[in-house]
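Observations on chain architecture
Take a look at the letters that make up each chain.
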Protein chains: 2
Amino acid sequence: MTDVVVGIDVGGTRIKSVLLTRSGDVLAEDTRPTPADASVRLGPALADIVTSLVERGGGESGGPSEARGPGEVREPGGPGEVRPARVGIGVPGIVDEQRQVGVRSANLGWHDLDLQRAFGEHLSLPFVVGHDVRCGLLAEARLGAAQGCTEVLFVPLGTGVAAAQLVGGRLWHGRPWAGEIGHVVVDPDGDPCACGLRGCLETVASAGAIGRRWSALTGRGGDAAEVARLVAAGDQQAISLWHNAIEALAAVISPVVAANGTQLVLVGGGLVRAGDLLLDPLREAVHARLAPAMRPAVAPASLGDRAGSLGAALLSLEAGGVA
Amino acid sequence: MTDVVVGIDVGGTRIKSVLLTRSGDVLAEDTRPTPADASVRLGPALADIVTSLVERGGGESGGPSEARGPGEVREPGGPGEVRPARVGIGVPGIVDEQRQVGVRSANLGWHDLDLQRAFGEHLSLPFVVGHDVRCGLLAEARLGAAQGCTEVLFVPLGTGVAAAQLVGGRLWHGRPWAGEIGHVVVDPDGDPCACGLRGCLETVASAGAIGRRWSALTGRGGDAAEVARLVAAGDQQAISLWHNAIEALAAVISPVVAANGTQLVLVGGGLVRAGDLLLDPLREAVHARLAPAMRPAVAPASLGDRAGSLGAALLSLEAGGVA
């Protein structure tokens, strides 16, 4: 029998999952669309993912009729048999990890949802639910670009902008909305934000916003990747938009670095595919705002869109103390 | 015998100290000028303060000839006898508390100073050295305005601007320069700062800077308290300068609140004597930059310039586990 866990990253549009051994080997992976009406259909989808991963990973799933806790794992049935001990689930929005409550997720359509109750009806294995961004950082800290760092600010730039932190080498949970740096106002006269304010960082510096602003500015279509290509090609409108995004990010990141003594700003999300075109000016803008001794490393995350599912698996390992 | 500790707050111009019981009673206090050439003369001054406090507090000091550890405290000599078990010392600048090293203090003239060695030659009692701002927050957390809060950003506005934080109810040490928010650039074209950059928060929003900027702007003398009086009286120049300071503070504080999930921004230092003239617009400016669910309380510290010495005493209690 192999000592494994399942990690599931529930996104607004798709669910990525992984069957992971304690030593960090991936035995199976899965990606599927997030069900419409996720608030009702997510539990069954999660159960189906676990079954499917275990089958593909060479084992058997713990079905509802044979539910058992992590201390009740059966003796190995033979070489290659896989029985996950726990499941970790990363979800977006505002998550109260201590109470295991989904405070709010616009994408998944829930509000103050008891996640243990909602998913527990469908999952026979013990599970823990975490915040997707904090899961991503956990994966980068254990398996990716934040290894060996104890004070890390992880900033994924995707549909939105969020953050998670390592403090003293440990994932910082704090209050449920800790990390919501996407909703710091950087331009009071800026674009309206879904949160009700105007000019939030997310309306300027997310991959989504860069694409939208480009379309609004030029009347041409094009996502953030297209804007990045035009920046590299020297397009002045694209450069101006890109520059604004980077300055806004630096204005929000720098105070956090100074207050927290961050040593590494780890940039993730889709926008980081732009590479040095993003990282070099962002590093320069952050450093220009901080006294020399405080200047952090600014580096790309290394696990891409697998960070969330890997981190959810690691969360279940670390929460469950699987030996 | 009374179970007591000594707390000493070493400032650039004066040293405040306190003899504190475990139950929070102050038995004696002392304020004296910081010796010139503090890097050499501070140790003897600290020893003299301990002796003086203990005499005034009704007890005897542990002189060099009778040094003993916290477990070797003598039996009580009689009612009212006071023998401090430990000393806590708060110092300014960049402090590495884990290694007990004074990384840098411009005011006290030291650089990478082994504080245990430097002070241990003169102090016969066990002692611990901490950062003055973190000591101040510890006092506010245990005895002052931060009681009952677990996620706190403490921002004293005095000669400079600094910060300390409670995370999960515990004082956050992190890397030595964590908290140096005074050296986040808020205006790249602003005044030169002692750190070598221009337009640091400290050059706009410290009590010292407000006085200096007022003098430079008007050619009239006047400190921050005078500027506050003029703000209250409706002076447009004073209001503009005050407003700039508050906007700069809010721009630096808000990202930290969002990233860390701060529930209370506790404002201290000399500038907080301006009361609601400072706190109301600062609260408004911070709240305007954050989505409603994230908006923290913004309140004044309550211990004034005693916070540092009280906190140093508490640090020695918490570090030493005095029962």
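Residues numbered from 1 in each chain as written. Chains lettered and ligands numbered in written order. Predicted model: local features only at pLDDT ≥ 70, side-chain atom pairs only at ≥ 80, totals over all residues. Heavy atoms only, no water.

Details of the relation of the copies chain A and chain B
With an RMSD of 0.0 Å, the fit of chain A onto chain B corresponds to turning through 180 degrees and sliding 0.0 Å along the axis. Expressed as an axis order, the relation between the two copies is that of a two-fold axis. Looking at the rotation axis and the C-alpha trace of chain A, the residue lying nearest is A:Val256, at 2.5 Å. Mapped onto chain B, 100% of the interface residues of chain A again fall at the interface, so both copies present the same surface. (Least-squares fit on C-alpha atoms with pLDDT ≥ 70 in both. Contact = heavy atoms within 4.5 Å.)

Side note on the sheet that holds strand β11 (residues 170-171) of chain A
Residues and elements named next belong to chain A. Ordered by their spatial adjacency, 5 strands build an open sheet running β11-β10-β9-β12-β13, and the pairing between neighbours is mixed. Pairing within the sheet leaves two strands with one partner each, and these edge strands are β11 and β13 (297-300). The pairing of strand β9 (residues 152-156) with strand β12 (residues 264-268) spans 5 bridges and is classified as parallel. Counted as the bridge partner of Leu 153 is Val 265 from β12. Across the sheet, helix α3 (residues 132-143) lies against β9, β10 (164-167), β11 and β12, angled at about 45 degrees from β10, the strand it touches most. Across the face of the sheet, helix α8 (residues 276-288) comes into contact with β12 and β13 while running at roughly 165 degrees to β13. (Pairing = 2+ DSSP bridges. Helix = DSSP H or I, 4+ residues; strand = E, 2+ residues; numbered from the N terminus. Axes fitted to C-alpha atoms, helices over the stretch in contact; angles between N-to-C directions.)

Brief notes about the packing of helix α6 (residues 224-232) of chain A against helix α7 (residues 236-260) of chain A
Residue and element names in this part refer to chain A. In the contact formed by α6 and α7, the axes pass within 8 Å of each other and the chain directions differ by 115 degrees. For the crossing formed where α6 meets α7, the hand is left-handed. Residue-level inspection shows Ala 224, Val 227, Ala 228, Leu 230 and Val 231 of α6 in contact with α7, the latter providing Ala 238, Ile 239 and Trp 242. Its residues placed into classes, the contact of α6 with α7 shows 8 nonpolar, no polar and no charged. (Left-handed = near helix turned anticlockwise from the far one by under 90°. Nonpolar A, V, L, I, M, F, W, Y, C, P; charged D, E, K, R; others polar.)

Describing unusual backbone geometry
Excluding glycine, residues mostly have negative phi values, and the peptide bonds linking residues are mostly trans. The residue A:Asp37 is not glycine, and still its phi comes out positive at about 55 degrees. A positive phi angle, close to 50 degrees, is found at B:Asp112, a residue other than glycine. When you line up the elements, B:Asp112 lands in strand β7 (residues 110-114).

Examining the pairing of strand β4 (residues 82-91) of chain B
Walk down a regular strand and you will see the side chains alternate between the two sheet faces. Residue and element names in this part refer to chain B. Here β4 lies mainly inside the structure; 10 of its 10 residues are buried. Where β4 meets strand β8 (residues 127-131), 5 bridges bridge the pair, whose relative direction is parallel. Its bridge partner being in β8, Val 91 is matched across the sheet by His 131. (Buried < 20%, exposed > 50% of the residue type's maximum accessible area, 1.4 Å probe, protein only.)

Considering the packing of aromatic side chains
All names here are of chain A. By the definition in use, this model includes 5 aromatic pairs over all chains. For the pair Phe 119 and Phe 127, a centre-to-centre distance of 6.3 Å together with 50 degrees between the ring planes defines the contact as tilted. On the basis of relative accessibility, which here comes to 2%, the residue Phe 119 falls in the buried class. On the basis of relative accessibility, which here comes to 8%, the residue Phe 127 falls in the buried class. (Phe/Tyr/Trp six-rings, centres within 6.5 Å; stacked < 30°, edge-to-face > 60°.)

Describing the nonpolar core
Grouped together as the largest cluster of nonpolar side chains are 102 residues, with contacts concentrated most on A:Ile181, A:Trp242, A:Val267, B:Ile181, B:Trp242 and B:Val267. Other than its neighbours up to four places away in sequence, A:Trp242 contacts A:Ile210, A:Ala224, A:Val227, A:Ala228, A:Val231, A:Leu271, A:Ala274, A:Leu277 and A:Leu278. (Core = buried A, V, L, I, M, F, W, Y, C linked by side-chain atoms within 4.5 Å.)

Concerning the interface of chain A and chain B
Each partner contributes residues to the interface: chain A has 34 residues there, and chain B has 34 residues. Taken together, the connections running from chain A to chain B amount to 0 salt bridges. Linking chain A with chain B are 17 residue pairs in polar contact (both at pLDDT 80 or more), by the criterion used here. Within the residue set of the side of chain A that touches chain B, elements represented by two or more residues are β10 and α7 of chain A. (Salt bridge = Lys/Arg side-chain N within 4 Å of Asp/Glu carboxyl O. Polar contact = N/O pair within 3.5 Å; in protein donor to acceptor, adjacent residues only side chain to side chain.)

Here's the deal with the side chain of B:Arg289
Along the polypeptide, B:Arg289 turns up in the loop between α8 (276-288) and β13 (297-300). Given a relative accessible area of 15%, B:Arg289 falls into the buried group. In terms of polar contacts, B:Arg289 uses its side chain to reach the side chain of B:Glu247, at 3.0 Å. Setting aside residues no more than four positions away along its own chain, B:Arg289 makes contact with A:His183, A:Val184, A:Val185, B:Glu247, B:Ala250, B:Ala251 and B:Ser254.

Topic: the pattern of salt bridges
Residues and elements named next belong to chain A. Taken as a whole, this structure holds 24 salt bridges over all chains when the rule is applied. With its nearest N and O atoms 3.0 Å apart, the salt bridge here joins Arg 306 to Glu 29. Remark: Glu 29 occurs in strand β3 (residues 26-33) and Arg 306 occurs in the loop between β13 and α9 (307-320); sequence separation between them is 277 residues. Look at Glu 29 and you get partly exposed, because its relative accessible area is 34%. Beyond isolated ion pairs, a larger network of salt bridges with shared partners links Asp 30, Arg 32, Asp 48 and Arg 56.

Some points on helix α1 (residues 38-57) of chain A
The complete set of buried residues in α1(A) reads A:Ala38, A:Leu42, A:Gly43, A:Ala45, A:Leu46, A:Ala47, A:Ile49, A:Val50, A:Ser52, A:Leu53, A:Val54 and A:Gly57. Looking at the residues trailing α1(A), positive phi occurs at A:Gly58, about 95 degrees.

Section: the domain arrangement of chain A
Residue and element names in this part refer to chain A. Domain boundaries assigned for chain A yield domain 1 (2-137 + 306-320) and domain 2 (145-302). Relative to domain 2, the C-alpha centre of domain 1 lies at a distance of 29 Å. Taken together, the contact between domain 1 and domain 2 spans 10 residues of the former and 15 residues of the latter. For the pair domain 1 and domain 2, the two sides together bury roughly 1,000 Å², of which 74% comes from carbon and sulfur. If you sort the residues of domain 1 by the area they bury against domain 2, Val 133, Arg 134 and Leu 137 come out on top, with a joint share of 62%. The tally of links between domain 1 and domain 2 comes to 0 salt bridges. Along the contact surface separating domain 1 from domain 2 lie 2 residue pairs in polar contact (both at pLDDT 80 or more). Only β5 (94-96) and α3 provide two or more residues apiece to the side of domain 1 that touches domain 2. (Domains from an automatic or database assignment. Buried area = accessible area lost by both parts, 1.4 Å probe.)

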